[in-house]
Amino acid sequence: MSDYIVRPARSADIAGIHALLEPLVDRRILLGKDLAVLYGAVQEFVVAESGGELIGCGALHVMWEDLGEVRTLLVRDDHLHLGVGRAIVEELERRARDLGLSRLFCLTFETGFFGRRGFEPIGEQVVEADVYSQLLRSGDAGVEEFLDLAHVKPNTLGNTRMIKHLD
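The next subject is the overall build of the protein chain. Check the secondary structure of the protein chain and you find 7 helices and 7 strands. Listing the helices and strands of the protein chain from first to last along the sequence gives β-α-α-β-β-β-α-β-α-β-α-α-α-β. Burial statistics for the protein chain: of 167 residues in total, 47% are counted as buried. By sequence separation, contacts in the protein chain at least 24 residues apart represent 69% of the contacts at least 6 residues apart.

Below is the structure:
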């Protein structure tokens, strides 16, 4: 069960990503994403595949010149603790470095997992004031979570904002 590959997602994977996501949305672990949003972000995703089935996924969303976000990271329950999540994060970090990013953000309940990967909880002000004002205009829910805006707090209760400085 531990034989898997991590590869870039294709549009044909989106229905499978959506199916992986739904149980976690139902459990209020992750926020739901419409199919149209997932298709529009397919280039941000990598998937883990085993025996022709999707067993995990994750996305890298660029937020600013030096800053990206790990989004929609999940591994199917029957493949947890086999290194799949770690492999997905490592691939997203590689992609981030290739894009010239030096920091990665995540909003997570899984602080132990991300902490073992070098992420640390962050405080209030992690970008300069001018960057903050530009990010406010993005209209992106993940950016709003990063900025810790009051109107997203009901969606993020219990989550921890974490950041990693890449080598």
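Still more to cover.
Turning to the pattern of salt bridges, a few remarks are in order. One pass over the full model with this rule turns up 14 salt bridges. Taking the shortest distance from any N to any O, the salt bridge between Arg 103 and Asp 66 comes out at 3.3 Å. Here the residue Arg 103 occupies a position in strand E5 (residues 103-108), and Asp 66 occupies one in the loop between strand E3 (53-64) and strand E4 (67-75), the gap between them amounting to 37 residues. According to the relative accessible area criterion, Asp 66 is partly exposed, its value standing at 24%.

Sheet topology places E5 next to strand E7 (residues 160-165); 6 bridges connect them, and they run antiparallel. Across the sheet, Thr 108 pairs through a bridge with Thr 160, a residue of E7. Where strand E6 (residues 120-121) lies against E7, 2 bridges are found, and the strand directions are antiparallel. The partner of Glu 120 across the bridge, within E7, is Ile 163.

Of note, the phi angle at Arg 28 is positive, near 60°, even though the residue is not glycine. Within the fold, Arg 28 resides in the loop between helix H1 (14-26) and helix H2 (35-40). Here the phi dihedral of His 81 falls at roughly 65°; this positive angle occurs in a residue that is not glycine. When you line up the elements, His 81 lands in the loop between E4 and helix H3 (84-98). The class for His 81 is exposed, based on a relative accessible area of 82%.

So, about the nonpolar core. Membership of the largest hydrophobic core comes to 20 residues, with the highest contact counts inside it found for Val 70, Leu 73, Ile 88, Leu 104, Phe 114 and Phe 119. Sorting the residues of this core by element identifies strand E2 (45-50), E3, E4, H3, E5 and helix H4 (111-116) as the ones contributing at least two each. No other element matches the 5 residues that H3 contributes to this core. Aside from chain neighbours lying at most four places away, what touches Val 70 is Ala 59, Leu 92, Leu 104, Phe 105, Cys 106, Phe 114 and Phe 119.

Attention shifts here to the packing of aromatic side chains. Applying the stated criterion across every chain yields a total of 2 aromatic pairs. The interplanar angle of 90° and the centroid separation of 5.1 Å between the aromatic rings of Phe 113 and Phe 114 together place this pair among those described as edge-to-face. Taking the centre distance of 5.1 Å and the plane angle of 80° together, the rings of Phe 114 and Phe 119 count as edge-to-face. When sorted by exposure, Phe 114 lands in the same class as Phe 119, which is buried. A connected cluster of aromatic rings, assembled from ring pairs, spans Phe 113, Phe 114 and Phe 119. Between Arg 117 and the ring centre of Phe 113, over which it is positioned, the NZ or CZ distance is 4.2 Å.

Looking now at H3. Between its first and last C-alpha, H3 extends 21 Å over 15 residues, near the 21 Å set by a 1.5 Å rise per residue. All of the buried residues in H3 are Val 84, Gly 85, Ala 87, Ile 88, Val 89, Glu 91, Leu 92, Glu 93, Arg 95 and Ala 96. Phi for Gly 100, located one or two positions after H3, is positive at around 85°.

What counts and how
Residues numbered from 1 in each chain as written. Predicted model: local features only at pLDDT ≥ 70, side-chain atom pairs only at ≥ 80, totals over all residues. Heavy atoms only, no water. Helix = DSSP H or I, 4+ residues; strand = E, 2+ residues; numbered from the N terminus. Buried < 20%, exposed > 50% of the residue type's maximum accessible area, 1.4 Å probe, protein only. Contact = heavy atoms within 4.5 Å. Salt bridge = Lys/Arg side-chain N within 4 Å of Asp/Glu carboxyl O. Pairing = 2+ DSSP bridges. Core = buried A, V, L, I, M, F, W, Y, C linked by side-chain atoms within 4.5 Å. Phe/Tyr/Trp six-rings, centres within 6.5 Å; stacked < 30°, edge-to-face > 60°. Lys NZ or Arg CZ within 6 Å of the ring centre and 35° of its normal. Expected span 1.5 Å × (residues − 1).

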